[in-house]
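Take a look at the letters that make up each chain.
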Amino acid sequence: MWPNFLAGQPEKPVRVLLVDDDVHIRMVVAQEIMNDQRTIVIGQAGSVREGRKAIRQFEFDVMLVDLNLGDGEGYELLDVIKDIRPQAEAIVLSVMETDEKVLRAFELGAAGYLVKNSWFGNYSQAVLQVANGGASVTPTLARRLLQRFDKSSDDPSKRGALSQEESLSTREKEVLRMVASGLTSIEIGNRLMISSMTVNTHVKNIYRKLQVRTRAQAVRFASLRGWF
């Protein structure tokens, strides 16, 4: 059962704009999204130029965008979406998974980064996660980011950048890591054996301490400072 308070109800599915220059990949991703009654593809584009037009043309909740488009990079569309559809979220798709590309995507406003052909997770689940305030990262990438977090904590040269992190409680750090892994408040609560309301309280405290407003911003803030 999908809780009725979450975005992605059969009568009002999460609307997805899909941007990828590979027609076959678009077909595969679109079919997977359309097979889930909680998500629907309302538009597609195959280039930066077409993507710009589609962002203006379609009302959507989440954009799935490939990094390498024929006439440019998907990064360009992350800037466009902030101006034209500030309430929408973006998930980057890529065959490349270097830390630099991942962090740049988060810096530009992406709420997720998925590696194509990964065996873990699926596109509709990723869409639902970010539409409900979470972040979606391919598990292998999330593991690497967490390892960066651990290394940074032991690096004296980065202690200045960790001052705000140190203001977070142990439980808040734990919650932030789970948010970065794409878990919802309910899923985090189940793992920590606390209520989702308590999780949301921790998230609000994290917002206040890091001076951010959304989960995606909190994840980007921590990622850019090498916390994970």
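Predicted model, so just to flag it, every value in this text is computed and none were measured.

Draft legend 1. Geometry of the overall build of the protein chain. The helix and strand tally for the protein chain stands at 11 helices and 8 strands. By the burial criterion, 49% of the 228 residues in the protein chain qualify as buried. Contacts in the protein chain between residues far apart in sequence, at least 24 positions, make up 65% of those at least 6 positions apart. For the protein chain, the exposed area adds up to about 11500 Å²; of that, 50% sits on carbon and sulfur atoms.

Draft legend 2. Local environment of the side chain of aspartate 20. Tracing the sequence through the fold places aspartate 20 in the loop between β1 (14–19) and α1 (23–34). Residue contacts for aspartate 20: discarding those within four places in its chain leaves Ile25, Arg26, Ala45, Gly46, Asp66, Leu69 and Lys116.

Draft legend 3. Structural view of the pattern of salt bridges. Scanning the entire structure with this criterion turns up 10 salt bridges. Ionic pairing is found between aspartate 20 and lysine 116, a salt bridge with its closest N-O pair at 2.8 Å. With aspartate 20 in the loop between β1 and α1 and lysine 116 in the loop between β7 (112–115) and α5 (123–131), this residue pair connects regions lying 96 residues apart in the sequence. An identical accessibility class is assigned to aspartate 20 and lysine 116; each is buried. With a closest N to O distance of 2.8 Å, aspartate 36 and arginine 38 form a salt bridge.

Draft legend 4. How the structure looks around the pairing of strand β2 (residues 39–45). Relative to β2, β1 runs parallel, the two being bridged by 6 bridges. Bridge assignment links valine 14 to a residue of β2, and that residue is threonine 39.

Draft legend 5. Molecular detail of the confidence of the model for the protein chain. Per-chain confidence: the protein chain averages 83 in pLDDT, with 86% of residues scoring 70 or above. Note on residues 156–162: pLDDT is under 50 here. Beyond four places in sequence and across chains, it has 6 contacts.

Draft legend 6. The nonpolar core, seen in detail. Within the largest apolar cluster, 29 residues are counted, with the highest numbers of intra-cluster contacts made by Val19, Met63, Leu77, Leu78 and Val92. Breaking this core down by element, the ones donating at least two residues are β1, α2 (48–57), β3 (62–66), α3 (75–84), β6 (89–94), α4 (99–107), β7 and α6 (139–153). The element contributing the most residues to this core is α3, with 5 residues. Setting aside residues up to four positions removed in sequence, valine 92 forms contacts with Val65, Leu67, Leu78, Ala105, Ala110, Gly112, Tyr113 and Leu114.

Draft legend 7. Local environment of the side chain of serine 124. Its place among the elements puts serine 124 in helix α5. A relative accessible area of 6% places serine 124 in the buried class. Reaching out from serine 124, the side chain makes a polar contact with the side chain of aspartate 36 at a distance of 3.4 Å. If sequence neighbours within four positions are ignored, serine 124 has contacts with Glu32, Ile33, Asp36 and Thr39.

Draft legend 8. View of the sheet that holds β1. Taking strand neighbours across the sheet as the criterion, the 6 strands line up as β2-β1-β3-β6-β7-β8 in an open arrangement whose pairing is parallel. Each edge of the open sheet is held by one strand with a lone partner, namely β2 and β8 (136–137). Packing of α4 onto the sheet brings it into contact with β6, β7 and β8, and relative to β7 it is tilted by some 150°. Lying on the sheet, α5 is in contact with β1, β2, β3, β6, β7 and β8; it crosses β6 at an angle near 145°.

How each quantity is defined
Residues numbered from 1 in each chain as written. Predicted model: local features only at pLDDT ≥ 70, side-chain atom pairs only at ≥ 80, totals over all residues. Heavy atoms only, no water. Helix = DSSP H or I, 4+ residues; strand = E, 2+ residues; numbered from the N terminus. Buried < 20%, exposed > 50% of the residue type's maximum accessible area, 1.4 Å probe, protein only. Contact = heavy atoms within 4.5 Å. Areas by Shrake-Rupley, 256 points an atom, 1.4 Å probe, with all protein chains shown as cover. Salt bridge = Lys/Arg side-chain N within 4 Å of Asp/Glu carboxyl O. Pairing = 2+ DSSP bridges. pLDDT = per-residue confidence, 0-100. Core = buried A, V, L, I, M, F, W, Y, C linked by side-chain atoms within 4.5 Å. Polar contact = N/O pair within 3.5 Å; in protein donor to acceptor, adjacent residues only side chain to side chain. Axes fitted to C-alpha atoms, helices over the stretch in contact; angles between N-to-C directions.

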